[in-house]
Amino acid sequence: MLKCSLGKLAVRRSFSVLSSLKVAGTTGKSSQDDVKYEPLSEAQEAYLDRAIRVDQAGELGANYIYAGQYFVLANKYPHLKPVLQHMWDQEIHHHETFNNLQTRNRVRPSLITPLWKLGAFVMGAGTAMISPQAAMACTEAVETVIGGHYNEQLRCLTNQYELNKSDKTLGTPEELKELTNTIRQFRDDELEHLDTAIQHDSKKAVPYMLLTEGIKGICKVAIWTAERI
Ligand SMILES: [Fe+2]
Ligand SMILES: [Fe+2]
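Residues numbered from 1 in each chain as written. Chains lettered and ligands numbered in written order. Predicted model: local features only at pLDDT ≥ 70, side-chain atom pairs only at ≥ 80, totals over all residues.

Asks: Teacher, can you tell me more about the environment of Pro-82 here?
Replies: When you line up the elements, Pro-82 lands in helix H3 (residues 81-104). Note on Pro-82: 10 C-beta atoms within 10 Å, which makes it exposed. Through-space distance from the C-alpha of Pro-82 to that of Tyr-70 is 9.7 Å; in sequence the pair is 12 residues apart. (Helix = DSSP H or I, 4+ residues; strand = E, 2+ residues; numbered from the N terminus. Buried ≥ 20, exposed ≤ 12 C-beta atoms within 10 Å, placed from the backbone.)

Quick look at the structure:
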């Protein structure tokens, strides 16, 4: 069963409102008519709340992982400097985008944000200290998990957010379409990072399996935790 099954998300929400998305749900207009959408259900709002929280925490983590890699590798391996800088710049953009979404929709941040920063920087710098290939194996593992995570969210946003409109047709409010497009774009960026890591010898890292499987496990636990805490 898809994780996005909203029926399972009868979550009590205390201080996250999803204000602009909620407003969109009640007053969103189609391009032609003054059509209103039914409000989002509590489960739909709760899912969006969690999605924005975990994505903001994840992109913050990615930002710090690349910061750690860049800090260790950029001067020692000048040929990697522009490669790392490009991926880091994209993560900074992802992070800022989710910061804005979080603020605009009044989604509370993960309560252990300092831990995400520290853990991510240590993961990036630590693997970079082993070798450039180990840093790339870290990127490969992280982006594999994040790519899959974004794909799950895209499935859910596409399947579970068709709302009834006042003209008796179904549709999705513009804000939700924009969120979906943002996640789709970021998913593509993450998969580009995954390809870049493989092109830069991630598979030659020693010990490859231990690094990649360990980091994938850490990422999955981090996602589960950041959705909730
Ligand atoms: Fe990212
Ligand atoms: Fe990435």
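Following the structure, the description resumes.
Asks: Where do I start with the UniProt feature "binding site: Fe cation 2" (unreviewed entry) in the chain in this structure?
Replies: Listed under "binding site: Fe cation 2" (unreviewed entry) in the UniProt record, and renumbered for this structure, are Glu-91, Glu-143, Glu-190 and His-193. For the annotated residues, spread through 103 residues, the largest C-alpha to C-alpha distance comes to 11.4 Å, consistent with a single compact locus. Note on placement: Glu-91 falls in helix H3. Excluding residues that lie within four positions of it along the chain, Glu-91 makes contacts with Glu-59, Ala-62, Asn-63 and Tyr-66. (UniProt positions renumbered as here; feature names shortened; annotations may be inferred. Contact = placed C-beta atoms within 7 Å.)

Asks: What exactly am I supposed to notice about helix H2 (residues 42-73) here?
Replies: Working note: α-helix, 3.6 residues per turn, so residues spaced by three or four point in the same direction. Along its 32 residues, H2 runs 46 Å from first to last C-alpha, staying within 8% of the 46 Å computed at 1.5 Å per residue. Of all 32 residues in H2, 26 are buried; the element is thus mostly enclosed. (Expected span 1.5 Å × (residues − 1).)

Asks: Quick question: what am I supposed to make of the environment of Glu-143 here?
Replies: By the secondary structure assignment, Glu-143 is in helix H5 (residues 132-160). We classify Glu-143 as buried; it has 25 C-beta atoms within 10 Å. When the C-alpha positions of Glu-143 and Leu-191 are compared, they lie 6.4 Å apart, and in sequence the two are 48 residues distant. Those residues within four positions of Glu-143 in sequence are excluded, and the remaining contacts are Glu-190, Leu-191, His-193, Leu-194 and Ala-197.

Asks: Would you explain the UniProt feature "binding site: Fe cation 1" (unreviewed entry) in the chain in this entry?
Replies: Taking the UniProt record as the reference, the feature "binding site: Fe cation 1" (unreviewed entry) is found at Glu-59, Glu-91, His-94 and Glu-190. For the annotated residues, spread through 132 residues, the largest C-alpha to C-alpha distance comes to 10.4 Å, consistent with a single compact locus. Among the secondary structure elements, His-94 is positioned in helix H3. What makes His-94 buried here is the crowd of 24 C-beta atoms within 10 Å. Setting aside chain neighbours within four positions, we find His-94 in contact with Glu-59, Ala-62 and Phe-186. Looking at Glu-190, the number of C-beta atoms within 10 Å reads 27, which means it is buried.

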